[in-house]
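This is what each chain is made of:
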Amino acid sequence: QGKRGLRHIAELCYHKAHFAASLIEEIPGYSLPMNGTFFREFVIGCPRPPGEINESLLKRGIIGGLDVSAYVPNGMLLCCTELNSREEIERLGAALAEIGQAA
């Protein structure tokens, strides 16, 4: 694998994180409040406190993100890596949409 394998993993992380961010940004009530380039971690603005959202996600078997509300209002830091499948990312998006509607 070597350098090519490492590059491939990095590209997977980048593309999956950007896919997740684009998906979440389209969900009513959620936003990407920070401009700029990101690799695999990104902040989303949530319609409810991240602690509440994480509780709801955990009930669905999904580990949520880090509450960064001290820095961004209702901010949650999410991360996607090569280990996250497209199906898992889509499941996260569907769960966030459902949780957001209950806000």
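For the structure itself, consult the block above.
Cut-offs and rules
- Residues numbered from 1 in each chain as written.
- Predicted model: local features only at pLDDT ≥ 70, side-chain atom pairs only at ≥ 80, totals over all residues.
- Heavy atoms only, no water.
- Helix = DSSP H or I, 4+ residues; strand = E, 2+ residues; numbered from the N terminus.
- Rg over C-alpha atoms; globule rule 2.2 N^0.38 Å.
- Buried < 20%, exposed > 50% of the residue type's maximum accessible area, 1.4 Å probe, protein only.
- Contact = heavy atoms within 4.5 Å.
- Areas by Shrake-Rupley, 256 points an atom, 1.4 Å probe, with all protein chains shown as cover.
- Lys, Arg positive; Asp, Glu negative; His and termini not counted.
- Charge placed at Lys NZ, Arg CZ, Asp CG, Glu CD.
- Expected span 1.5 Å × (residues − 1).
- Salt bridge = Lys/Arg side-chain N within 4 Å of Asp/Glu carboxyl O.
- Axes fitted to C-alpha atoms, helices over the stretch in contact; angles between N-to-C directions.
- Parallel < 35°, antiparallel > 145°, perpendicular 65-115°, else oblique.
- Left-handed = near helix turned anticlockwise from the far one by under 90°.
- Nonpolar A, V, L, I, M, F, W, Y, C, P; charged D, E, K, R; others polar.

Undergrad: For this particular structure, what's the right way to read the overall build of the chain?
TA: The helix and strand tally for the chain stands at three helices and three strands. Mapped from its N terminus to its C terminus, the chain presents α and β elements in the order α-β-α-β-β-α. Computed over its C-alpha atoms, the radius of gyration of the chain comes to 14 Å, within 12% of the 13 Å expected for a compact globule of 103 residues. When burial is assessed residue by residue, the chain has 36% of its 103 residues classed as buried. Looking at the chain alone, contacts between residues at least 24 apart form 61% of all its contacts between residues at least 6 apart. Summing over all exposed atoms, the chain offers an accessible surface of approximately 6,600 Å²; the carbon and sulfur share of this is 55%. Of note, the chain has its 10 positive side-chain charges centred 7 Å away from the centre of its 12 negative side-chain charges.

Undergrad: Explain helix α1 (residues 2–25) here, please?
TA: Along an α-helix, residues three or four apart share an orientation, since each turn contains 3.6 residues. Over its 24 residues, α1 extends 35 Å from the first C-alpha to the last, a length consistent with the 34 Å expected when each residue adds 1.5 Å. Inspection of α1 places Gly5, Cys13, Lys16, Ala17, Ala20, Ala21 and Ile24 among the buried residues, and these make up the whole buried set. Of the surrounding elements, those touching the buried residues of α1 are β1 (41–45), β3 (75–79) and α3 (86–101).

Undergrad: How should the pattern of salt bridges be read in this particular structure?
TA: Two side chains of opposite charge can pair, provided their charged atoms sit close to one another. Inspection of the entire model under this criterion finds four salt bridges. Arg60 is the partner of Glu98 in a salt bridge, and the nearest nitrogen-oxygen pair spans 2.6 Å. Taken together, the positions of Glu98 in helix α3 and Arg60 in the loop between α2 (50–59) and β2 (66–67) put the pair 38 residues apart, joining distant regions of the chain. Residue classification places Glu98 among the partly exposed residues on the basis of a relative accessible area of 48%. Across the pair Glu90 and Arg86 runs a salt bridge whose closest N-O atoms are separated by 3.1 Å.

Undergrad: Help me understand the packing of α1 against α3 in this model?
TA: Packed helix pairs are specified by the crossing angle of their axes together with the interaxial distance, meaning the distance between the axes. Across the interface, α1 lies against α3 with an axial gap of 10 Å and an inter-helix angle of 25°. Accordingly, the angle class assigned to the pair α1 and α3 is roughly parallel. The two elements α1 and α3 cross, and the hand of that crossing is right-handed. Of the residues in α3, those in contact with Lys16, Phe19, Ala20, Leu23 and Ile24 of α1 are Arg86, Ile89, Glu90, Leu92, Gly93 and Leu96. Class assignment for the residues of the contact of α1 with α3 results in seven nonpolar, one polar and three charged.

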